[in-house]
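Analysis of the macromolecular model
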Amino acid sequence: MSSADITSERDLPPESEASAKGDVAPERDGPRDTGLDDASLHRWLARTWRTPPGIIGALSSVDHKVIARRYLITAFLFLCLGGLNAVVMRIQLSGPRRGLIGPDLYNQLFTMHGVTMMFLFAVPIVQATGIYLVPLMVGTRNIAFPRLNAFSYWVYVSGGLFAWVSFALSMAPDVGWFAYVPLSGPEYAPGKRADVWAQMITYTEVSSLAVAVATIVTVFKHRAPGMSLDKIPLYVWALLVTSFVVVFAMPAVMVTSTFLILDRLVGTHIFNPAEGGDALLFQHLFWFFGHPEVYIIFLPATGMVSAIIPAFARRPMFGHLGLVLSLIAVGFLSFGLWVHHMFATGLPKLGASFFTASSMMIAIPNGVQIFCWLATLWDSRPVIRTPLLFVFGFFFIFVIGGLTGVMLASVPLDLQVHDTYFVVAHFHYVLIGGSVFPLLGAAYFWFPKITGRMMSERLGRWHFWLAMVGFNAAFFPMHIVGLWGMPRRVYTYPAELGWGNINFFISAGAVLFFLSFVLFAFNLVHSALRGAPAGDNLWDAGTLEWATSSPPPSYNFARIPIVTNVEPLWAEREALPVATGLRVDVRELVVSTVAEAHPDIREKSATPSIWPLLAAIAVGGTFLYSIFTPWAIVWGAAPIAITLIGWFWPKGDPEDEE
Amino acid sequence: MNQRPAMDLSGLPTFGHGPRSPTWWGTLGFMALEGTGFALAAGAYLYLATLWPNWRLSAPQPNHWPGTIVTLLLIASLVPNHILNGYAKQCAIGPVRIGMVVMSLLGIAPLVVRWFEFPALNIYWDTNAYGSMLWVLLGLHTTHLITDVGDTIVLTVLMFTHHGYSGRRFGDVGDNVFYWDFVVLTWIPIYLLIYWLPRWG
């Protein structure tokens, strides 16, 4: 399709029927970008789209890039904290009967490690990457519902602070990251620790649900003219499918944690078998979320891989359609697997067989993806740079994790190694291999876009090899010690079992792996300050985020690009076709149709506002208070209502009125 | 990167109703996630109901009349709700203002009757798991109702100010209509689960 097709008569809807009649104040027209020279265009847009100066201005920001940067930095800090948890645990386990920490602290440590990595690092960081990249990749100026996006960040931060302040007060949850009843119920978990788990979940899920809705609407309605469904970049597809999985999976864990806190706080009996409840119901509800959660973390990572590979293979991705269908298939299948986390609970055999079959079935679309990536690389002369190295690391580690996954899908083997280090090894191979390695590759790939500076390639290679060796040294032997029978979540073990040497080796690997992140952090900070200037499109990649400057201006694109190909920058090397006619004195962007992305409406995007922060404080305060009394919901309703009214009440900006 | 203008967007309208508007899709997204929450709560109730052969666990039957009145009120409210939608599409401020007042009142009415529903369940939340689930289901829908009625009242007040003369505001009215349909729709299965399943089961 050429850009001429898109501008033909049929694409533009008939002259606005709605704005012409009815009791609508006439639009106060303002200056348009048509015919403006580049310098004046930049001046206008920079003034219209800027984040206001000062502290209040910074706290009011609704720029998706500003919010995403905050998300990325916060999630990285939580990664460091969760990593430190792990290092402390590994030092304790490095030899038999070490007395560094006792069982109570150890229980808090492994719970905080899991909770932090899953809810405060992995999900937020993949969503944050999407918040930054999706609007750029679809060629728009901001995410849909920018204030909701800002709100989500503040709720996330308050949830993280809540968990870690509790840890500092020795009040952290100590019931494992999935907090099974009856252990976490009112009878066996007195005090507030399990309540902290339950409400921390509520904070982070509210936040990621909000981001998911904003992402879906951005992809559906804010795509640049011409970006029909078949021209959506694979990374954006991955984030779209992930967001749908979030929408249908996250409510399950909110229901679980709400039921738990009701049982604990007001004496309901939902999980109490003595009064007609059921403890296994908790596991069903939790894993109905918990298994899709794995794919919420993994699918965006596959999107990153699908963005990195074409740039370094110097050719479009092989099997684009197959990859899209695989993403969608994985999204659907991820909801049919949850019971394989519950094989040891004595479920009926037929049910177990069904979930064995579905667990093996999901290997098919994932296999399709792997083969498409390999085929793309096979038929190319890849340029080996750090991002691609991490993609290779991902292949290696993730395939091993996938293989042990297929093993664990079989019930007899699962029963044998249930709750041993074999399982710990498996899910670290899947999660670190499947998500963290692509994420690190993505960091090297997009860091120059975000900061305008290059990361050090030499340090990057050191980082990769340290991480690769450290990771495998730490986690591969866990398979073996797991088969020997070492259970997870024990704070120590006797010397007679002979697990001392292998655990020492594992701990040494863990320290090495940790050091690789120290090197990475140094590279990040050093390159952000001193890195070589990167230019707009240093990898000569083909998607739209590379069409704008590095770092992108507040308005992303001076003129909205028109998309003619799945790799638009490769298809239009001489000059990118762009659309004109938008106002420059207000935050205007294009709303397009869902399937074909025909331009349909010139819509105004929300202006900066402090109210999302205030609303997040009201919501966060209510959640915090609610671990002490159910009346918190009643008292909290008033401040929440007031802040939401303040948020939505028009302030007279053209963005609110027209 | 060099650019060449290839399309003029200046003739596009500045707002649209229904699926043309991003807000409509956002509303749909929130309906999907809230609907999932409801479905899971209902699923939990059915799970427990099938698990225990003597479900209702010797509790007395709930009195369905307050719930039935709420149901009738909610269904009846759909008619003015859709008349209001028609006026919102025409951007007619007078009828929209009247419609919003009517819908606010039709939102408050079931909430008043709802007050009598909780005692009519004839069981407390902490008696047994059956009581817990009834209170959870009714509580979930009540929260839903209160938030939407609050939202409707704020929007009604807004339509009476000068901010009401805006295409975007008429779009908000359309989305409010859409969401009210959802509030009514989610009630029907919950009504059947709370009041009629214990009778059949």
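A few words on the overall build of chain A. When helices and strands are tallied, chain A shows 21 helices and three strands. Over its C-alpha trace chain A gives a radius of gyration of 25 Å, about what one expects of a compact globule, namely 26 Å for 658 residues. Referenced to the eigenvectors of the C-alpha coordinate spread, the extents of chain A come out at roughly 80 × 65 × 50 Å. Partitioning the intrachain contacts of chain A with sequence separation of at least 6 by distance along the chain shows that 80% fall at a separation of at least 24. For chain A, the separation between the mean place of its 40 positive charges and that of its 43 negative charges on side chains is 8 Å.

This brings us to the overall build of chain B. Scanning chain B from N- to C-terminus turns up five helices and one strand. In chain B, the succession of helices and strands from N to C terminus is β-α-α-α-α-α. Against the compact-globule benchmark of 17 Å for 201 residues, chain B has a radius of gyration of 21 Å, which places it well outside the compact range. Considered along the principal axes of its C-alpha atoms, chain B spans approximately 75 × 45 × 25 Å. Counting only residues that meet the buried cut, chain B has 54% of its 201 residues in that class. Put simply, 81% of the contacts in chain B that link residues at least 6 apart link residues at least 24 apart. Total accessible area on chain B is roughly 8,300 Å²; 73% of this is exposed by carbon and sulfur atoms. Considering chain B, the positive charge centre built from 9 side chains and the negative charge centre built from 9 side chains are found 5 Å apart.

What follows is about a nonpolar patch on the surface. Residues and elements named next belong to chain B. Nonpolar side chains collect at one region of the surface, where Val101, Leu105, Ile108, Val112, Trp115, Phe116, Ile153, Val157 and Phe160 lie side by side and expose about 900 Å² of accessible area between them. Elements that contribute at least two residues to the nonpolar patch include exactly α3 (93–120) and α4 (129–159). The leading source of residues in the nonpolar patch is α3, at six residues. Within the fold, Val157 resides in helix α4.

The next subject is the pattern of salt bridges. All names here are of chain A. In total, this model carries 20 salt bridges over all chains according to the counting rule given. Between Arg559 and Asp38 there is a salt bridge whose closest N-O contact spans 3.8 Å. Linking Arg559 in the loop between α17 (500–530) and α18 (568–571) with Asp38 in helix α2 (residues 38–49), this pair joins segments that are 521 residues apart in sequence.

Residues and elements named next belong to chain A. Among the six residues of strand β3 (residues 599–604), six are classified as buried, and the element is accordingly described as predominantly covered. In this sheet, β3 lies alongside strand β2 (residues 588–592) in antiparallel orientation, the contact comprising five bridges. Within β3, the residue paired with Val591 across the bridge is Ile601. Here β2 folds back onto β3 in antiparallel fashion, the turn holding six residues, of which Ala597 has a positive phi close to 60°.

Now for the nonpolar core. Residues and elements named next belong to chain A. Membership of the largest hydrophobic core comes to 259 residues, with the highest contact counts inside it found for Phe259, Ile309, Phe437 and Trp446. Here Ile309 is in contact with Arg314, Met317, Trp373, Thr376, Leu377, Leu388, Val391 and Phe395, once residues within four sequence places are set aside. Counting residues in hydrophobic clusters, the runner-up holds six residues, among them Leu41, Trp49, Tyr555 and Leu589.

This model, assessed by the stated rule, comprises 69 aromatic pairs over all chains. Summarising the aromatic geometry, the rings of B:Trp24 and B:Phe178 are spaced 4.9 Å apart at their centres and angled 5° between planes, so their arrangement reads as stacked. Of this pair, B:Trp24 sits in helix α1 (residues 22–51) while B:Phe178 sits in helix α5 (residues 167–200), placing them 154 residues apart in sequence. B:Phe178 matches B:Trp24 in its accessibility class, with the two residues each being buried. Across from the ring centre of A:Phe178, 4.6 Å away, lies the NZ or CZ of A:Arg489, which sits over that ring. It is B:Arg114 that lies over the ring of B:Trp187; its NZ or CZ is 4.4 Å from the centre.

Moving on: the packing of α3(B) against α5(B). All names here are of chain B. Packing of α3 against α5 leaves a shortest axis separation of 12 Å and a crossing angle of 20°. With respect to each other, α3 and α5 are oriented roughly parallel. By crossing handedness, the relation of α3 to α5 is classed as left-handed. For the pair α3 and α5, the contacting residues are Ile93, Val96, Met100, Met103, Leu106, Gly107, Arg114 and Glu117 in the first and Phe170, Val173, Asn176, Trp180, Trp187 and Tyr195 in the second. The residue makeup of the contact of α3 with α5, split by class, is 10 nonpolar, two polar and two charged.

You can see A:Val481 is positioned in helix α16 (residues 457–483). Note: C-alpha distance between A:Val481 and A:Pro494 (13 residues apart in sequence) is 14 Å.

A few words on the interface of chain B and chain A. Listed as interface residues are 62 residues of chain B and, on the opposing side, 82 residues of chain A. For the pair chain B and chain A, the summed buried surface comes to about 6,000 Å²; carbon and sulfur atoms form 65% of the total. Of all residues in chain B, B:Met1, B:Met7 and B:Thr14 give up the largest surface area on contact with chain A, accounting jointly for 13% of the area buried on that side. Across the salt bridge formed by B:Arg4 and A:Glu572, the nearest N and O atoms sit 2.9 Å from each other.

Turning our eyes to something else, we now look at α1(B). Counting along an α-helix, one turn takes 3.6 residues, and residues three or four places apart therefore face a common direction. Along its 30 residues, α1(B) runs 43 Å from first to last C-alpha, staying within 8% of the 44 Å computed at 1.5 Å per residue. Residue B:Ser21 occupies the N-cap position of α1(B), its side-chain oxygen lying 3.1 Å from the main-chain nitrogen of B:Thr23.

A separate point is unusual backbone geometry. Residue A:Pro182 is reached from A:Val181 by a cis peptide bond, and omega for that bond is 0°. With respect to the helices, strands and loops of the structure, A:Pro182 is situated in the loop between α6 (146–168) and α7 (193–221). Across the junction of A:Ser550 and A:Pro551, the peptide omega takes the value -10°, indicating a cis bond. By the element assignment, A:Pro551 lies in the loop between α17 and α18. Despite not being glycine, B:Arg56 shows a phi value in the positive range, around 90°. Along the chain, B:Arg56 turns up in the loop between α1 and α2 (65–90). The phi torsion at B:Ser58 lies on the positive side, around 60°, for a residue other than glycine.

In this section: the environment of B:Ala41. On the secondary structure map, B:Ala41 appears in helix α1. With relative accessibility at 0%, the residue B:Ala41 sits in the buried group. In the structure, B:Ala41 is positioned 87 residues away from B:Asn128 in sequence and 16 Å away in space, judged by C-alpha atoms. Discounting chain neighbours no more than four positions away, the residues touching B:Ala41 are A:Phe259, B:Met133, B:Leu137 and B:Leu140.

Our focus in this paragraph is the packing of helix α4 (residues 64–93) of chain A against helix α5 (residues 103–137) of chain A. All names here are of chain A. The geometry of α4 relative to α5 is characterised by a closest axis approach of 8 Å and an angle of 155° between their N-to-C directions. With respect to α5, the element α4 is oriented roughly antiparallel. Here α4 runs over α5; the crossing is left-handed. Class assignment for the residues of the contact of α4 with α5 results in 25 nonpolar, eight polar and one charged.

Within chain A, residue pLDDT values average 92, and 97% of them lie at 70 or more. Low pLDDT (under 50) marks residues 1–20 of chain A, which in the prediction has 32 contacts with non-local residues, meaning those over four places away or in another chain.

The rules behind each value
Residues numbered from 1 in each chain as written. Chains lettered and ligands numbered in written order. Predicted model: local features only at pLDDT ≥ 70, side-chain atom pairs only at ≥ 80, totals over all residues. Heavy atoms only, no water. Helix = DSSP H or I, 4+ residues; strand = E, 2+ residues; numbered from the N terminus. Rg over C-alpha atoms; globule rule 2.2 N^0.38 Å. Contact = heavy atoms within 4.5 Å. Lys, Arg positive; Asp, Glu negative; His and termini not counted. Charge placed at Lys NZ, Arg CZ, Asp CG, Glu CD. Buried < 20%, exposed > 50% of the residue type's maximum accessible area, 1.4 Å probe, protein only. Areas by Shrake-Rupley, 256 points an atom, 1.4 Å probe, with all protein chains shown as cover. Patch = residues over 30% accessible without salt bridge, like charges linked within 9 Å, V, L, I, M, F, W, Y side chains within 5 Å. Salt bridge = Lys/Arg side-chain N within 4 Å of Asp/Glu carboxyl O. Pairing = 2+ DSSP bridges. Core = buried A, V, L, I, M, F, W, Y, C linked by side-chain atoms within 4.5 Å. Phe/Tyr/Trp six-rings, centres within 6.5 Å; stacked < 30°, edge-to-face > 60°. Lys NZ or Arg CZ within 6 Å of the ring centre and 35° of its normal. Axes fitted to C-alpha atoms, helices over the stretch in contact; angles between N-to-C directions. Parallel < 35°, antiparallel > 145°, perpendicular 65-115°, else oblique. Left-handed = near helix turned anticlockwise from the far one by under 90°. Nonpolar A, V, L, I, M, F, W, Y, C, P; charged D, E, K, R; others polar. Buried area = accessible area lost by both parts, 1.4 Å probe. Expected span 1.5 Å × (residues − 1). Polar contact = N/O pair within 3.5 Å; in protein donor to acceptor, adjacent residues only side chain to side chain. pLDDT = per-residue confidence, 0-100.

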